[in-house]
Amino acid sequence: MTATVTTPAARRVVTARKVFNKKALIPWLFLAPGLLLALVFKFWPMAKGVWLSFFDVRPFLGDQWTGLDNYTRVLTDHRFQDAIGHTLLLGLGQSLGAIVLGFVLALLLEGQARSLKIVRTAVFLPAVTATAVVGELWRLMYYPTSDGLINSGLNLLGFGPVQFLDNPDLALWSTMVMGIWIWAPYNMVIIMAGLAGVDRSLYEAAAMDGVSLWQRLRHVTLPAIRPALSIVLILAAIRGLRVFTEVYVLTGGGPAGSTDVWMTRAYTLGFTRNDIGGASAASVVLLCVTLLLTVTVNYFRKRGDVR
């Protein structure tokens, strides 16, 4: 018989592996509750929604397989097509407006002065306030009589009360203004983080060369904060497609469907018309478009970084 002798070096290797395995397991133990909640309340409902999009959901009667009929019916519905147009217009205007305003705020409020810290905190409040609360405040500001806050100011200028939310030509633009006001401070914080990493010697060199403010922004600031702008752009694009609370609180999709967007249309199909299959199909299409948009923006961002 041959006896196997374990050397001290081999024992140390085995002990090190056991310790490493235990250390690698500890983070997963802390992550397990969050992953379990995400599985139960996020990923399982998502999978269930994809499954229901292929059925005519009939509670108590049994679901009936319909294949791609829900997708065809939703995408050919003229009201859903109008909602997609409103979503693109609202998302594009809201995203660009919030990025530009956030960039301007970041430039104005950048610095270490204590007063600037207080102002930045005050400016950031809309981003951390519940969107439903902000929507109610803006709905009161848009009050259609001369007693409304905005209409009171217009009345002092000699203009009559404006129907911001009851006019189909103004309702979507009024919602866009509120969205810009909400998300501009959020973009401001990300852009300020990018500005903090800009080499100040570049500004000094540009000042010695006598370049203008616009040239300094174009050739020094914007290239330096490109990663931060990429993040802001991706988040803004996703928010623009998934906009819901602002529209639902302010107008509910009205008047006459002039502010109906992708998410409010899906909500109407699912909870008003009890068309669970159609609402699931609309949500799955939105998920696919969001993923495609995110991948596309990341692709162009990486190409820009390589250059």
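The structure reproduced in this document is the subject of the present report.

Rules behind the numbers
- In this convention, every chain numbers its residues from 1, walking through the sequence in written order.
- In keeping with the model being predicted, local features are shown solely for residues with a pLDDT of at least 70 and side-chain atom pairs are shown and tallied solely at 80 or more, while totals for entire chains, interfaces and linings include all residues.
- With hydrogens and water stripped out, all remaining heavy atoms of the structure feed into the side-chain values.
- We count a salt bridge whenever a side-chain nitrogen from Lys or Arg sits within 4 Å of a carboxyl oxygen from Asp or Glu.
- For the purposes of this entry, the term helix denotes a DSSP run of H or I that reaches at least four residues, the term strand denotes a run of E that reaches at least two, and both are numbered from the N terminus.
- For each residue, the accessible area found with a 1.4 Å probe, counting protein chains only, is set against the maximum for its type, and the residue is called buried under 20%, exposed over 50%, and partly exposed in between.
- To define a nonpolar core, start from buried Ala, Val, Leu, Ile, Met, Phe, Trp, Tyr and Cys residues and group those joined through side-chain atoms within 4.5 Å.
- For Phe, Tyr and Trp, rings pair up if their centres lie within 6.5 Å, where Trp contributes its six-membered ring, and each pair is then called stacked (planes under 30 degrees apart), edge-to-face (over 60) or tilted (otherwise).
- Look at NZ for Lys and CZ for Arg. If either is within 6 Å of the ring centre and within 35 degrees of the ring normal, a charge sits over the ring.
- Expected span of a helix, by definition, is 1.5 Å for each gap between consecutive residues, and there is one gap fewer than residues.
- Contact definition: two residues touch when any of their heavy atoms are within 4.5 Å.
- The method works on a 1 Å grid over the protein atoms by themselves. A cavity is a set of points holding a 1.4 Å probe that cannot get out, a pocket is an open set with protein on both sides within 12 Å along at least five of seven lines, and residues with an atom within 4 Å of a point line them.
- Grid points are joined across faces, edges and corners, and a volume is the space filled by probe spheres set on the points.
- Asp, Glu, Lys and Arg are counted as charged, while Ala, Val, Leu, Ile, Met, Phe, Trp, Tyr, Cys and Pro are counted as nonpolar; the rest, among them Gly, fall into the polar class.

## Examining the pattern of salt bridges
For the structure on display, the rule yields three salt bridges. Put simply, D275 and R73 hold a salt bridge, and the shortest N to O gap is 2.6 Å. A residue pair is termed long-range when its members are at least 10 positions apart, and D275 in the loop between α12 (262-272) and α13 (276-306) and R73 in helix α2 (residues 69-75) qualify at 202 residues. By relative accessible area, which is 14% here, D275 ends up buried. Residue classification places R73 among the partly exposed positions, given a relative accessible area of 37%.

## So, unusual backbone geometry
In this chain, G254 is followed by P255 through a cis amide linkage whose omega measures -5°. Position of P255 relative to the elements: it lies in the loop between α11 (245-250) and α12. A positive phi is found at A256, a non-glycine position, where the angle reads about 55°. Relative accessible area serves as the criterion here: at 82%, A256 is assigned to the exposed category. Of note, the phi angle at N274 is positive, near 55°, even though the residue is not glycine. Residue position: N274 is located in the loop between α12 and α13.

## Structural notes on the nonpolar core
In a soluble, globular protein the nonpolar side chains are often hidden away together inside. Residues A106, M188, I191, L195 and I225 are the most contacted members of the largest nonpolar core, which totals 18 residues. Elements with a contribution of two residues or more to this core: α3 (78-109), α7 (171-196), α9 (213-224) and α10 (226-241). Residues V74, F80, L269 and V285 belong to the second largest nonpolar core, which totals 13 residues.

## Overview of the packing of aromatic side chains
Describing an aromatic ring pair means giving the distance of the ring centres and the angle of the ring planes. Under the criterion given, the structure shown has 13 aromatic pairs. Seen from their ring centres, W138 and Y142 are 5.5 Å apart, and the 55° between their planes marks the pair as tilted. The two residues W138 and Y142 agree in class, both being buried. Here F244 and Y267 contribute two aromatic rings whose centre-to-centre distance is 5.6 Å and whose plane-to-plane angle is 50°, an arrangement assigned as tilted. Here F244, found in the loop between α10 and α11, pairs with Y267, found in helix α12; they are 23 residues apart in sequence, far enough to count as distant. Given the relative accessible area of 30%, Y267 is considered partly exposed. R239 extends its terminal NZ or CZ atom over the ring of W183, reaching a point 4.3 Å from the ring centre.

## Things to note about helix α4 (residues 114-128)
In this model α4 runs 21 Å from its N-terminal to its C-terminal C-alpha over 15 residues, within 8% of the 21 Å that 1.5 Å per residue would give. For α4, the complete set of buried residues consists of R120, P126 and A127. The inward-facing, buried residues of α4 contact α3, α5 (131-141) and α7.

## Quick notes on the layout of surface pockets
Reported here for the largest pocket is a volume of approximately 810 Å³. Within the residue set of the lining of the largest pocket, elements represented by two or more residues are α1 (8-52), α12 and α13. No other element matches α13, which puts ten residues into the lining of the largest pocket. Of the voids in this model, the second largest pocket is the one considered here, and its volume is about 220 Å³. Around the second largest pocket, the lining is made up of 13 residues, and of these G91, L92, S95, A237 and L293 lie nearest the centre. Those elements that place two or more of their residues in the lining of the second largest pocket are α3, α10 and α13. Ranked by residue count, the leading element in the lining of the second largest pocket is α3, at seven residues. The residue inventory of the lining of the second largest pocket, partitioned by class, reads nine nonpolar, four polar and no charged.

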